[in-house]
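Descriptive analysis of the structure
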Amino acid sequence: MPTIETYTSHYLLVPTANPNEYTILAELPGPNTLSDTLDGTPDGFTAVNDEFANSGATPPDATLLGFYTNGDPVFVNTGFTQVRLYSNTSGLTGTFTLNTSGTYAYCFGEGTRIAGHSGEKRVENLQIGDVVRTADGSRVRVKWIGRQTVHKLFSGPNMQPVRIRAGALGGGVPHSDLTVTADHGMVIDGLVINASALINGTTIDWVPMTELPDRVTYFHVETEAHDVILANGAPAETFVDIPGRMAFDNYQEYLDLYGAERIIPEMDRPRISAQRLVPDHIKARLGIVEPEVDWDAPLTA
């Protein structure tokens, strides 16, 4: 499990009058190495308010305050009031609200094969303007590919994706193992169901943290509308701007291309994010068994 991250740059931040809001004041040279060695966390990931060793600071102790919009960490060093953002991206500017909940990803795993007009293409190889096939057989063009790199050290279980084994959805779908993030919507019987709500503990399950590298990159496909495309042969949603695009590594590319963000209305299908709301016939087909609750069991503190 990872315990160290090194960053090429860090930024001096100043608070605004709004809670958890900071303005980037100056970019300072690195590198800085942050080691998860002070908080006693044995599993290699940490949480807000945990302590780190910072190679570029005196004293070296630093407390994690939260995260920048792209998931990069924000720290304050022990004994100081200066707040710093650590990143491998240069040229960051502006004002942002600190994320204190951790980094969440909303995408396809690397290697996912997206159906196009002349066969499948790996999602990381898709280009703007490529034609992809929708579940109803129509064709749409790729407007943008969002790319999000997630750090295991700072994200922990928030980055843990779901693996859908070949054939797990029935009818030979998907045609090969498919990895998506927990909140990515799979389309089943006309419903958009978050992958985490489909977990059955066998053919659909969390990818163990031990199998994930220190950094994982996820990819999201944006088309003109909120469409249903085929990922490893399984119907899955395209990008919808619920999470926003600022969390993606290449957000600036989107602004350079289109000038400003746009709103994508959700498709006219119900969305299910909790397993208890999945219809019984789908649970039965996929082998989903919810744990029984013993309502007579005594309450514990």
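Up top you'll find the structure we're talking about.
These lines cover the structure that appears in this document, whether it is placed above or below.

Rules used in this analysis
- Position numbers for residues count from 1 along each chain, tracking the sequence in the order it is written.
- Note on the predicted model: pLDDT of at least 70 is required for a residue's local features to be given, and 80 or more for side-chain atom pairs to be given and counted; whole-chain, interface and lining totals, by contrast, use all residues.
- Remark: hydrogens and water are excluded; side-chain values derive from all non-hydrogen atoms of the structure.
- Numbering of helices and strands starts at the N terminus; helices are DSSP runs of H or I of at least 4 residues and strands are runs of E of at least 2.
- Here's how the labels work: a residue is buried when its accessible area is under 20% of the maximum for its type, exposed when over 50%, partly exposed in between, all with a 1.4 Å probe on protein chains only.
- Pairs of residues are marked as contacts when any of their non-hydrogen atoms sit within 4.5 Å.
- A 1.4 Å probe and the Shrake-Rupley method give the accessible areas. Residues count as covered only by the protein chains that appear here.
- Throughout this description, the term salt bridge denotes a Lys or Arg side-chain nitrogen within 4 Å of a carboxyl oxygen of Asp or Glu.
- Patch membership is restricted to residues that have no salt bridge and whose relative accessible area is over 30%. Joining uses 9 Å for like charges and 5 Å for the nonpolar side chains Val, Leu, Ile, Met, Phe, Trp and Tyr.
- If DSSP finds at least two bridges between two strands, the strands pair.

**Here's the deal with the overall build of the protein chain**
Along the backbone of the protein chain there are three helices and 22 strands. Out of the 301 residues belonging to the protein chain, those deemed buried represent 48%. Long-range contacts, defined as pairs at least 24 residues apart, comprise 60% of the intrachain contacts of the protein chain with a sequence gap of at least 6. In the form shown here, the protein chain has an accessible surface area of approximately 14200 Å², with 52% of it arising from carbon and sulfur atoms.

**So, unusual backbone geometry**
The linkage connecting Val173 with the following residue, Pro174, adopts the cis geometry, with an omega of -10 degrees. Its identity is not glycine, yet Asn20 carries a phi of approximately 60 degrees, on the positive side. The topology assignment puts Asn20 in the loop between strand E1 (4-15) and strand E2 (21-35). Among the residues examined, Asn20 registers a relative accessible area of 39% and is labelled partly exposed. We note that Asn232 has phi near 50 degrees; this positive angle belongs to a residue other than glycine. When you line up the elements, Asn232 lands in the loop between strand E20 (228-231) and strand E21 (234-237).

**Regarding the pattern of salt bridges**
Applying the stated rule across the entire model yields 13 salt bridges. Measuring nitrogen to oxygen at the nearest pair gives 3.1 Å for the salt bridge that ties Glu222 to Arg262. Here Glu222, found in strand E19 (residues 215-222), pairs with Arg262, found in the loop between helix H2 (251-258) and strand E22 (271-272); they are 40 residues apart in sequence, far enough to count as distant. No difference in accessibility class separates Glu222 from Arg262, as the two residues are buried. Note that Arg271 is salt-bridged to Glu266, the shortest N-O span being 3.2 Å. We classify Arg271 as partly exposed; its relative accessible area is 29%.

**Concerning a nonpolar patch on the surface**
Together, Ile128, Leu257 and Tyr258 make up a nonpolar patch on the protein surface, roughly 250 Å² of accessible area in all. Within the secondary structure layout, Ile128 lies in the loop between strand E10 (119-122) and strand E11 (131-133). Among the residues examined, Ile128 registers a relative accessible area of 42% and is labelled partly exposed.

**A look at the pairing of E2**
Looking down a regular strand, the side chains alternate between one sheet face and the other. Pairing geometry for E1 and E2, over 11 bridges, is antiparallel. Note on E2: the bridge partner recorded for Val14 is Thr23. Taken together, E1 and the strand that follows it, E2, pair antiparallel across an intervening segment of five residues, in which Asn20 is found at a positive phi of about 60 degrees. Looking at chain direction, E2 and strand E7 (residues 95-97) are connected through three bridges and run antiparallel. Across the sheet, residue Tyr22 finds its bridge partner in E7, namely Phe96. Where E2 and strand E3 (residues 51-54) come together, two bridges link them in antiparallel fashion. Of the residues in E3, the one forming a bridge with Leu34 is Asn54.

**Some thoughts on the environment of Trp206**
Tracing the backbone through its elements, the reader meets Trp206 in strand E18 (residues 204-206). Sequence separation of Trp206 and Thr179 is 27 residues, and the distance between their C-alpha atoms is 9.3 Å. Every residue in contact with Trp206, bar those within four places of it in the chain, is listed here: Gln160, Pro161, Val162, Ala182, Ser196 and Ile199.

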